[in-house]
Structure formats: structure tokens, C-alpha cells
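Examination of the molecular architecture
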Amino acid sequence: MKPLEGIRVVDLSRVLAGPYCSLLMADMGAEVIKIEEPGHGDDTRAWPPFAGGEATYFMSVNRGKKSLTLDLKSEAGKEILRRLLASADVLLENFRPGTLARLGFGYDRARGLNPRLVYCSISGFGESGPEAGRPGYDLIVQGESGLMDLTGFPDGPPVKTGNSIADLAAGTMAAHGIVLALFARERTGAGQKVEVAMLEVMASLLTYQGQAYLSTGVSPRRKGNEHPSIVPYEVFEAADGYLTIGVANSSLWTRFCQALGRPELAKDSRFDTEARRVEHRATLVPLLGQIFATAPVATWLERLGQAGVPAGKIKSVGEALDSEHLRARGAIVPVTHPTAGTMRMVGPPIRLHATPGEVAGPAPLLGEHTEEILTKLLGYSSAEVTGLRAAGVV
């Protein structure tokens, strides 16, 4: 048994934040019915690159779901959605605030159809406040949240992260919120609304950087690969590549110096406490850079590993996903797609040892499950489905 078996999610979301949320739920056994625009589908179906005619972006976050095409502007389409919501556990959407209400499916209307419904809305800036109506793509929120001002080198421009962290974090928080609401429903018998604003998610992830400002009034600035409170905790260039070093306390510092063959540094009065290493960063980091430049990455990783000092190679995406460790853990799993063939995917990152999740199947083709859902779940006849198709409703 998977932990979310028996939970039905009607997923009106698109692009990344919402689909990532429902992906996490599908991997844990939820039945996810993805509603898509007829003839068009999720925007990301058109985003390159492609495999077997399908967008790899779309396939990465929509596996294990069912696709139902539905024109929500038509009365017949709205009736189908009403019937779906009557038996659903969760509605998930990431339209701009107010859009779904204008279509007749705001929270109060949905709750009237099904009082047990958990209604999750993801937006860029939330449903209240002076900026509630703003559109909120990941890049915009990364900039508005302060994250980009922290990312990059001091003498360079602000930089976004290498993936869409605001979308992904918001999707993760939404999945968390939905499961919390489902758990509360077991006690109260009633559903509730779950609201996730991407800006607030990213503000919460500022953690120690944000608290530094709130407590001192001084706004942290980007430091490249430096850590504001720990030295050395950054990237160094070895003879043949780059590696990361994390020396977060004085015990590690002593072992680190021994591994480098420079035990005297551990007792140097400039570097013998965490605070002094931060104070003398400008002296210590170039000195360590000179040492690391004398040997290849593998040599340093072996020495540091033997000493129990956290260190790692900076890998490409390909090197990371092809790593022996991920293979040994079974983290990369094969999935058979109807047009892309057998493909590899990263499996669920949460491992429940008694009720584990799994990749339930590939991402659906556009409208692949429309007839199945309409006839088997909602009781439409084949003739009715034919008529709906002819009218462009599905």
C-alpha cells in the first residue's frame, strides 16, 4: 500500500510549481487527474528539448498522472469539472488569484460541491496585499525575494539559481500543506483551503540570511561561494578541477589541516576558532587555494575522506545522475513511455520503508485518459463523449 492510495487529486495547475506538487503526490499513490486545454495542453508540452515527440520538461514533472482535456469556458466543461470535484479529495490550481473564481470554481463554490475538498492555490504573491494580482513566474519571485541579490559574486550581477527553486519549493510546500489538510480532515471531517505564495516560501527559505537582517538591520549581500559564518566553506580549484570543502567546526578544522599536511595551521592564532577564521578569511582562503592547486581533485578527496572532512567534487548534471552511488541506491529508475520509449527518471526522494512510493508510470499523452475518466468515473456514454469531442469541450 502506498501512503496516498485512495486520494484523488483534480489538478488544474500547469508549468512547474503545481505539477511538481501533484508529482510528489502521484509518486505516493494519489490518483492525479490533470486537466488540460484541448488541442494545446500544458504550456510545457511545447518547450524543447523533446524525446519521442514529447517535451522532456513536461515528462519530468507529470509522470504517473492521467490527462483529461477540458474546455473550462464552456458550460459542458464546467459541468464535467463539477462532477469531478464532487468525488475528489483535492483540487490543485496555480492560476492568478481570482481566475478560477471568475470561472465559477472559487473556494466557496467548490466547498459547496464537496465540503471534504482540500482546495490548494499556488500563486506568486498570494491572494491579499497590494501585489496580490501580480503574475509570478519563478525568475520574478527569485528576484523579489532577495535570493538573487544573495547569489553570484560581489563584483558581478545578481544571478538566479541553476534550476527553478521558487517553483519547486512552492510545489513542495503545497504538497506538504495538502497532506496536513488531509490529516486534519481525518479529525474534523471537513476540507479546507491551502494557500501557498511563492514569495513567502522563498522568504521563509532565507532563514539565517533573513534573520541576520531582521536582527541587525544590515542586509546580507552576495559573496560568491563564501559562507557568511563559516570558513572554509566554499569552492577551491585543484590541479584538475574544482571541489567543495565544508569545515564547520574546530574539530573538523584540526583534521582538515592534518589532511592537508599543514597541521600547524590548526594552532595558528589567526585561525584557531570559528570566529577568527571568518575574521581572517582574506588571508586564509588564498593560502588554502595555493595548497589545493598542488594536487588533483581525487587526491584531495581521498585525503579528506580518510580524515572525515566533508568534501566533494563539483560534478556536471550528467556526472551526478550517472554516479555509482545513485545507481546503487536505485535512485534512477526506468520508465516506459508510449512514444519516447524506455527512459530514465529520478525516482521519489522520500523513502518510506513500510509504505514506499514509486514512479507509477510515464507522463500522459495529451488527453490520453479523457474517455476513460468520462465513461468509467463520471458515467458518460461513448456517444456523449463523441459529442463532447465534436463540440471541442474535450
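Conventions used here
Residues numbered from 1 in each chain as written. Predicted model: local features only at pLDDT ≥ 70, side-chain atom pairs only at ≥ 80, totals over all residues. Heavy atoms only, no water. Helix = DSSP H or I, 4+ residues; strand = E, 2+ residues; numbered from the N terminus. Buried < 20%, exposed > 50% of the residue type's maximum accessible area, 1.4 Å probe, protein only. Contact = heavy atoms within 4.5 Å. Areas by Shrake-Rupley, 256 points an atom, 1.4 Å probe, with all protein chains shown as cover. Pairing = 2+ DSSP bridges. Axes fitted to C-alpha atoms, helices over the stretch in contact; angles between N-to-C directions. Phe/Tyr/Trp six-rings, centres within 6.5 Å; stacked < 30°, edge-to-face > 60°. Lys NZ or Arg CZ within 6 Å of the ring centre and 35° of its normal. Core = buried A, V, L, I, M, F, W, Y, C linked by side-chain atoms within 4.5 Å. Right-handed = clockwise from strand over helix to strand, strands pointing away.

1. As for the overall build of the protein
Of the regular secondary structure elements, the protein holds 18 helices and 13 strands. Each of the three principal axes of the protein carries a C-alpha extent, and together these read 85 × 50 × 40 Å. When each of the 394 residues of the protein is scored for burial, the buried share is 44%. Considering only contacts in the protein between residues 6 or more positions apart, those separated by 24 or more positions represent 68%. Only carbon and sulfur atoms are counted for the fraction: they give 55% of the accessible area of the protein, which is about 19,500 Å².

2. Notes on the environment of Pro-364
With respect to the helices and strands, Pro-364 occurs in the loop between β13 (341–346) and α17 (370–377). Distance in space between the C-alpha atoms of Pro-364 and Arg-222 is 41 Å, their sequence separation being 142 residues. Look past the residues within four positions of Pro-364 in its chain and what remains in contact with it is Arg-45, Phe-58, Asn-62, Lys-65, Lys-66, Ser-67 and His-369.

3. Quick look at the sheet that holds strand β8 (residues 193–197)
Taken in spatial order, the 6 strands make up an open sheet running β5-β2-β1-β6-β7-β8, and their pairing is parallel. This sheet does not close on itself; its edge strands, each paired only once, are β5 (66–69) and β8. Across the sheet, the axes of successive neighbouring strands diverge by a mean angle of 20 degrees, strand direction being ignored. Of the pairings in the sheet, the one linking strand β7 (residues 118–123) to β8 comprises 5 bridges and is parallel in character. For Ser-121, the partnering residue across the bridge sits in β8 and is Glu-195. Against the sheet, helix α3 (residues 75–86) contacts β1 (8–11), β2 (31–36), β5 and β6 (90–93), and its axis sits at roughly 150 degrees relative to β1. Against the sheet, α17 touches β1, β2 and β5, its axis set at about 85 degrees to β5.

4. Describing the packing of aromatic side chains
The full count for this structure, using the stated rule, is 7 aromatic pairs. Between the aromatic rings of Tyr-107 and Tyr-119, the centroid separation amounts to 5.5 Å while the plane-to-plane angle is 80 degrees, which identifies the pairing as edge-to-face. Here Tyr-107, found in helix α5 (residues 107–113), pairs with Tyr-119, found in strand β7; they are 12 residues apart in sequence, far enough to count as distant. The pair formed by Tyr-107 and Tyr-119 is uniform in burial state, with each residue classed as buried. Aromatic pair Trp-253 and Phe-271: ring centres 6.4 Å apart, planes at 75 degrees, arrangement edge-to-face. Of this pair, Trp-253 sits in helix α11 (residues 250–259) while Phe-271 is found in the loop between α11 and α12 (274–279), placing the two residues 18 residues apart along the sequence. Side by side, Trp-253 and Phe-271 carry an identical accessibility label, which is buried. Above the ring of Phe-58, the side-chain terminus of Arg-45 is found at 3.8 Å from the ring centroid. A cation over a ring is seen here: Arg-303 above Trp-300, with NZ or CZ 4.9 Å from the ring centre.

5. Comments concerning unusual backbone geometry
In this model, Pro-48 is joined to Pro-49 through a cis peptide bond whose omega is 5 degrees. Of note, Pro-49 is situated in the loop between β2 and β3 (50–51). Going from Val-231 to Pro-232, the amide bond is cis rather than trans, its omega being -5 degrees. For Pro-232, the position within the fold is in the loop between α10 (207–216) and β9 (233–237). For Thr-207, which is not glycine, the phi torsion reads 40 degrees and is therefore positive. Mapped onto the secondary structure, Thr-207 falls in helix α10. Look at Thr-207 and you get partly exposed, because its relative accessible area is 48%.

6. Describing the nonpolar core
Core analysis: the largest hydrophobic core is formed by 30 residues, its most contacted members being Ile-7, Val-9, Met-25, Val-90, Ile-122 and Ile-178. Counting only elements with at least two residues in this core, the list comes to α1 (17–27), β6, β7, α8 (165–188), β8 and α9 (198–205). It is α8 that provides the largest number of residues to this core, a total of 8 residues. If we skip the residues at most four places from it in the chain, Ile-178 touches Cys-21, Met-25, Val-90, Leu-92, Val-118, Cys-120 and Val-194. Core analysis: the next-biggest nonpolar cluster, separate from the first, contains 29 residues, Ile-35, Leu-68, Leu-72 and Ala-88 among them.

7. A word on the environment of Phe-153
Assignment of secondary structure puts Phe-153 in the loop between α7 (147–150) and α8. Residue classification places Phe-153 among the partly exposed positions, given a relative accessible area of 48%. Residues within four places of Phe-153 in sequence aside, it is in contact with Arg-222, Gly-224 and Asn-225.

8. Points about the sheet that holds strand β11 (residues 311–313)
Within a sheet, adjacent strands bond to each other through the backbone by hydrogen bonds, running parallel or antiparallel. Taking strand neighbours across the sheet as the criterion, the 3 strands line up as β9-β10-β11 in an open arrangement whose pairing is antiparallel. Unpaired on one side and paired on the other, β9 and β11 mark the two borders of the sheet. Between one strand axis and the next, the sheet turns by 25 degrees as a mean value, whatever way the strands run. Note that β9 and strand β10 (residues 242–246) share 5 bridges and pair antiparallel. Among the inter-strand pairings, Glu-234 is bridged to a residue of β10, identified as Ile-245.

9. A few points about the pairing of β1
Across the two faces of β1 the burial is the same, with Arg-8 and Val-10 and Val-9 and Asp-11 all buried. On the question of chirality, the crossover connecting β1 to the parallel β2 by way of α1 is right-handed. For β1 and β6, the ladder comprises 3 bridges, and the chain directions are parallel. Pairing of Asp-11 across the sheet is with Leu-92, part of β6.

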